[in-house]
Amino acid sequence: MDGLDLVRRGAAAVLAASLAGLLSTLTPAPKQAGLVAATSAAPERRPAKPARPTAPPKPPPPDCARAKCVALTFDDGPAESTGELLDILAARHVRATFFLIGENVAEHPELVRREAAEGHEVADHSYTHADLGHASRKEILSELNRTQDAIRRASGVTPVMLRPPYGSTSGRLKKITRSLGLAQVMWTVDPLDWEHRDTRHVEKTVLKAVKPGSIVLLHDIHPTTVKAVPRIVDELAGRGYVFVTVPELFGGRLTPGEEYVQLNSGEPQGLP
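Source: prediction; values computed, not measured.

Chemist: Hey, could you run me through the overall build of the chain in this one?
Modeler: A tally of regular secondary structure across the chain gives 11 helices and 8 strands. Per-residue burial over the chain gives 39% buried out of 272 residues. For the chain, long-range pairs separated by at least 24 residues make up 76% of all intrachain contacts whose partners lie at least 6 apart in sequence. Put simply, the chain shows about 15,300 Å² of open surface, and 57% of that area lies on carbon and sulfur atoms.

What follows is the structure, given as structure tokens:
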């Protein structure tokens, strides 16, 4: 190999090395390329959260001056059988009114909470099922205030109604209930279910006696009564009756101290 070939090969090697160095300055390193790609890409957009569904508005209560309304009321609870009754009412979308004994409220607060949560009306029936019509002022205040407090602690609801045990009332009780903001609620239909522990008797008596505007007196402490409720509800619904709470029966207007027995609405009652 002569000197000229050596010079040519050396020059070619120098040229190749120079081109390699130039190309290395033009091509980014792999890590740098990744960084460039990340910084140049558009920011990722998170999908918008779907709007939380809202519950449909509660329909207004029926106009009981025209609809065939009936109020089912249950006294003396809550008791073990009250849970079964609440299942029956929930399955049929029926709301009722519960007149509660304070002692039983203290024993079963969870049932009172459920009654209120499921749209039923909770009300006062004294603390020990006392005869309020013959009680002293001190005794009446103790019976009512203790029950009001027990119901309020259990459910957060302050009752606006009292059903005097035995239907026993007086002028003294009227004045006290007026001062406490409690209307007195009696009844129209009474199958005497506390005496006749017979499901068929309760069914037949109620179904025969109910008229538009009636307040039905029942006791959820008796399992025989609870078992009568499905047929009572189903048959009355088949006759076109609408089930309401006592305040709804009277259009939400109850005067403290006054007695309520049934809705007297005249000829429009029961029209479609």
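Additional details are given in the paragraphs that follow.
Chemist: So what exactly am I meant to see when it comes to the state of the cysteines here?
Modeler: Each disulfide consists of a covalent bond between the sulfur atoms of two cysteine residues. Inspection of every chain in the model, using the stated rule, returns 1 disulfide. With its sulfur 2.1 Å from that of its partner, Cys64 forms a disulfide with Cys69. Linking Cys64 and Cys69, the disulfide has an S-S dihedral of approximately -85° and is accordingly described as left-handed. When its relative accessible area of 4% is taken as the criterion, Cys64 is described as buried.

Chemist: Teacher, can you tell me more about unusual backbone geometry here?
Modeler: Pro78 follows Gly77 through a cis peptide bond whose omega is 0°. Along the chain, Pro78 turns up in the loop between β1 (69–75) and α3 (82–91). The phi angle at His93 is positive, at roughly 55°, despite the residue not being glycine. Following the sequence through the fold, His93 ends up in the loop between α3 and β2 (97–100). Classification of His93 as exposed rests on a relative accessible area of 74%. Even without a glycine there, the phi angle at Tyr166 is positive, about 65°. Examined against the element boundaries, Tyr166 turns out to sit in the loop between β4 (161–162) and α7 (171–180).

Chemist: Could you clarify how one ought to interpret the confidence of the model for the chain in this entry?
Modeler: Detailed reading of the predicted model is not advised wherever pLDDT is low. A residue-level look at the chain finds 75% of positions with pLDDT of 70 or above and a mean pLDDT of 85. Counted against residues more than four places away or in other chains, residues 265–272, with its pLDDT under 50, gives 19 contacts.

Chemist: I would appreciate a short explanation of the pairing of β1 in the present structure.
Modeler: Sheet faces and side chains relate simply in a regular strand, where the side chains alternate between the two faces. Counting buried positions along β1 yields 7 of 7 residues, so the element is predominantly enclosed. Of the two faces of β1, the one carrying Cys69, Ala71, Thr73 and Asp75 and the one carrying Val70, Leu72 and Phe74 are both buried. The sheet contact formed by β1 and strand β7 (residues 242–243) spans 2 bridges and is parallel. Across the sheet, residue Val70 finds its bridge partner in β7, namely Phe243. Two strands pair when backbone bridges link them, and β1 and strand β6 (residues 214–219) are joined in this way by 6 bridges, in the parallel orientation. The residue of β6 that forms the bridge with Thr73 is Leu217. For β1 and β2, the ladder comprises 3 bridges, and the chain directions are parallel. The residue of β2 that forms the bridge with Thr73 is Thr97.

The rules behind each value
- Along each chain, numbering runs from 1 in the same order as the chain's sequence is written.
- Totals for whole chains, interfaces and linings use every residue, but because this is a predicted model, local features are given only for residues with pLDDT of at least 70 and side-chain atom pairs only at 80 or more, for both listing and counting.
- Side-chain numbers come from the whole structure's heavy atoms, not from hydrogens or water.
- Only runs of H or I of at least four residues qualify as helices and only runs of E of at least two qualify as strands under DSSP, and these elements are numbered from the N terminus.
- Categorising residues by exposure relies on relative accessible area from a 1.4 Å probe, with only protein chains included: less than 20% of the type maximum marks a residue as buried, more than 50% marks it as exposed, and the intermediate range marks it as partly exposed.
- In this analysis, two residues are considered to be in contact whenever any of their non-hydrogen atoms come within 4.5 Å of each other.
- With residues, only the protein chains shown are counted as cover, and all accessible areas are computed by Shrake-Rupley using a 1.4 Å probe.
- Two cysteine sulfur atoms form a disulfide, by the criterion used here, when they sit within 2.5 Å.
- Across the chain, each position has a pLDDT score giving the predictor's confidence in that residue, from 0 to 100.
- Pairing between strands is defined by DSSP: at least two bridges between the two strands are required.

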